[in-house]
Amino acid sequence: MLSSLREIGELKRVRSASRGGSIGERLFLNSWSALDNGVDVEDVMRSCVTATAAASVLGDIDSNTLHDLDVAPEVAARILQEAARSVRSLPWFGEAAALPQDQPAPGFAVLLAHQPRAGITCPGRPRIILEPPENHAEHCWAVAVFGVALAQGFGADPVTVWLAGMAHHLHNAFLPDSGFAGEVLLGDQLEPVMQRATERALDGLSPDLRDRVRNARHCLADAETPEGRAFHAADTLDRVWQIDQHLRAGRLDLNYVLNDMALVHDGPVKAFQDELLRAAGLLT
């Protein structure tokens, strides 16, 4: 399961020509748009997880893309469902309604999509920045989805864990991320500043949704409850995988890319391509 979740996290880095932002960022914004428009939290979670599963196979080929290219609706639905069902690391919820696209999301959600993560910071040591940085929308979306995948193993309620993941960095909409080093320097001002920034974000939500988010966020405090353990497992994995993604890229070699990943794959001109690469000293 964990290797599949790592691959799902790569949707932070998958983009396409006709849309702004990564797939992960857009799933975060579209989910908050649906929540803000009164769609039931469980229904939004199901739609988000289903869309994530399909995108981990198809990339940015979604129902809108297929319909725009005259694929029959029933055929498009079958393709998307088969893609989502094939991802064993995420629960299969059956057919879920598509998330709204290109509808306004709450202001804090838009700010989180523009707010970069701090990188690696530690008191007394130089900051390490790995480009391109992820933003807080991408991180929150990944933690929310990972939390759903891990919830059953911890005996946790997946809806609560998902909503907690989506809302665990509300404060960073208004508080730039300074990382561990900055948090230490803020000292006894850290908690009140974070609380005020969180409340500013929550103020823009309807009373019912605001209460639901507050209740879900109770599991952020510790890892004593099933929901807390599922959330913190998801958060920790995403934070470390984000860094490891950069480090893995530096460890790639051509042998792996050409042979294991079949960069130059089978086809009518494969023999010519291999001969060319051998002559260029790129294939042994």
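Residues numbered from 1 in each chain as written. Predicted model: local features only at pLDDT ≥ 70, side-chain atom pairs only at ≥ 80, totals over all residues. Heavy atoms only, no water.

- Looking at an unreviewed UniProt entry, one finds the protein chain named HD domain-containing protein, with Lichenicoccus roseus as its source organism.

Things to note about the overall build of the protein chain
Now for step 1: In terms of helices and strands, the protein chain carries 14 helices and two strands.
Now for step 2: Here the C-alpha radius of gyration of the protein chain, 21 Å, is about what a compact globule of 284 residues would show, namely 19 Å.
Now for step 3: Along the first, second and third principal axes, the C-alpha set of the protein chain runs to 65 × 55 × 35 Å.
Now for step 4: Going through the 284 residues of the protein chain one by one, you find that 44% of them count as buried.
Now for step 5: In the protein chain, the share of contacts with a sequence separation of at least 24, taken over all contacts with a separation of at least 6, comes to 74%.
Now for step 6: Of the accessible surface of the protein chain, which amounts to about 15000 Å², a share of 55% is contributed by carbon and sulfur atoms.
Now for step 7: Taking the average location of the 25 positive side-chain charges in the protein chain and that of its 38 negative ones, the two points are 4 Å from each other. (Helix = DSSP H or I, 4+ residues; strand = E, 2+ residues; numbered from the N terminus. Rg over C-alpha atoms; globule rule 2.2 N^0.38 Å. Buried < 20%, exposed > 50% of the residue type's maximum accessible area, 1.4 Å probe, protein only. Contact = heavy atoms within 4.5 Å. Areas by Shrake-Rupley, 256 points an atom, 1.4 Å probe, with all protein chains shown as cover. Lys, Arg positive; Asp, Glu negative; His and termini not counted. Charge placed at Lys NZ, Arg CZ, Asp CG, Glu CD.)

A short note on the packing of helix 8 (residues 158–167) against helix 12 (residues 226–251)
Describing two packed helices takes the angle between their axes plus the distance from one axis to the other.
Now for step 1: At their nearest, the axes of helix 8 and helix 12 sit 9 Å apart, and the two run at 45 degrees to each other. In terms of axis orientation, helix 8 runs oblique to helix 12. Our pair here, helix 8 against helix 12, has a crossing hand that is right-handed. From helix 8, T160, V161, A164 and G165 reach across to helix 12, where they touch E227, A230 and F231. (Axes fitted to C-alpha atoms, helices over the stretch in contact; angles between N-to-C directions. Parallel < 35°, antiparallel > 145°, perpendicular 65-115°, else oblique. Left-handed = near helix turned anticlockwise from the far one by under 90°.)

Description of helix 3 (residues 41–58)
Now for step 1: For helix 3, built from 18 residues, the straight-helix expectation of 26 Å at 1.5 Å per residue is met to within 8% by its first-to-last C-alpha distance of 25 Å.
Now for step 2: Within helix 3 the residues assigned to the buried category are V41, V44, M45, S47, C48, V49, T50, T52, A53, A54, A55 and S56.
Now for step 3: Those residues of helix 3 that are buried lie in contact with helix 1 (2–9), helix 2 (23–36), helix 5 (73–85), helix 7 (136–154), helix 8 and helix 11 (207–217).
Now for step 4: Looking one or two residues past helix 3, G59 carries a phi angle of roughly 65 degrees, positive in sign. (Expected span 1.5 Å × (residues − 1).)

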